[in-house]
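Residue-level structure breakdown
Take a look at the letters that make up each chain.
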Amino acid sequence: MKYENEMKIEFSSKSQNESFARVVIASFVAQLDPTLEELSDIKTAVSEAVTNAIIHGYEEYDGKVYMYCKITDNKVYIEIKDFGKGIGDIDKAREPLFTSKPELERSGMGFTVMETFMDEVEVESKVGVGSKIIMRKKLESLEKL
């Protein structure tokens with residue numbers, strides 16, 4: 001029997017909501033009984049994607065960040081979307097240590113962190129329209145069942 005569940009949430013593009021997004025994703029994914037490491041990986045990747053939307057997507061402007069998550073058996077699918085300024089050069093943005101905000105002492109490791117902790121990371125973006133980060137992770141802890 002196939003197990004499926006999904007959720008969708010939107011929140012203001014305020015830095016305080018980054019921790020809110022982490023708690024929401026952890027609570028939702030917890031129903032799969034992941035290991036602490038798997039849960040930490042997912043929370044960290046979501047944190048990076050949400051922070052990118054807030055800091056780079058909207059900069060100093062208010063907007064909404066959208067988070068969607070779908071669980072199918074032991075696979076987690078996550079989308080983080082904004083309607084901010086978009087990414088001009090996705091390949092450049094994905095390079096380790098690249099940051100468009102050096103004055104904020106950003107490390108430029110956001111996409112690298114997401115790619116390290118998730119099995120797949122896709123980036124869709126259009127300048128002036130916004131960005132969508134798609135992340136997938138297969139929970140190994142469930143394969144033992």
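Residues numbered from 1 in each chain as written. Predicted model: local features only at pLDDT ≥ 70, side-chain atom pairs only at ≥ 80, totals over all residues. Heavy atoms only, no water.

- Going by an unreviewed UniProt entry, the protein chain carries the name Anti-sigma F factor and comes from Vallitalea maricola.

**Considering helix H2 (residues 36–57)**
- Taking 1.5 Å per residue, 22 residues should reach 32 Å; H2 reaches 30 Å between its end C-alpha atoms and fits that length.
- Glu59 lies just past H2 and shows a positive phi near 50°. (Helix = DSSP H or I, 4+ residues; strand = E, 2+ residues; numbered from the N terminus. Expected span 1.5 Å × (residues − 1).)

**Here's the deal with the pattern of salt bridges**
- Here the structure, examined in full by the defined rule, presents eight salt bridges.
- Close ionic contact of Lys14 with Asp62 constitutes a salt bridge, the shortest N to O distance being 3.6 Å. In this pair, Lys14 sits in the loop between strand E1 (4–12) and helix H1 (17–29) while Asp62 sits in the loop between H2 and strand E2 (64–72), placing the two residues 48 residues apart along the sequence.
- Exposure remark for Lys14: the relative accessible area of 40% places this residue in the partly exposed category.
- Salt bridges linked by common partners bring Lys2, Glu4 and Lys70 together as one network. (Salt bridge = Lys/Arg side-chain N within 4 Å of Asp/Glu carboxyl O. Buried < 20%, exposed > 50% of the residue type's maximum accessible area, 1.4 Å probe, protein only.)

**Focus on the environment of Thr116**
- Locating Thr116 in the fold gives a position in helix H4 (residues 110–117).
- Distance in space between the C-alpha atoms of Thr116 and Asp41 is 8.5 Å, their sequence separation being 75 residues.

**A look at the pairing of strand E5 (residues 130–138)**
- Looking at chain direction, strand E3 (residues 75–82) and E5 are connected through eight bridges and run antiparallel. Looking across to E5, one finds that Asp82 is bridged to Ser131.
- Across seven bridges, strand E4 (residues 120–126) lies against E5 in antiparallel orientation. Directly across from Val121, in E5, lies its bridge partner Met135. (Pairing = 2+ DSSP bridges.)

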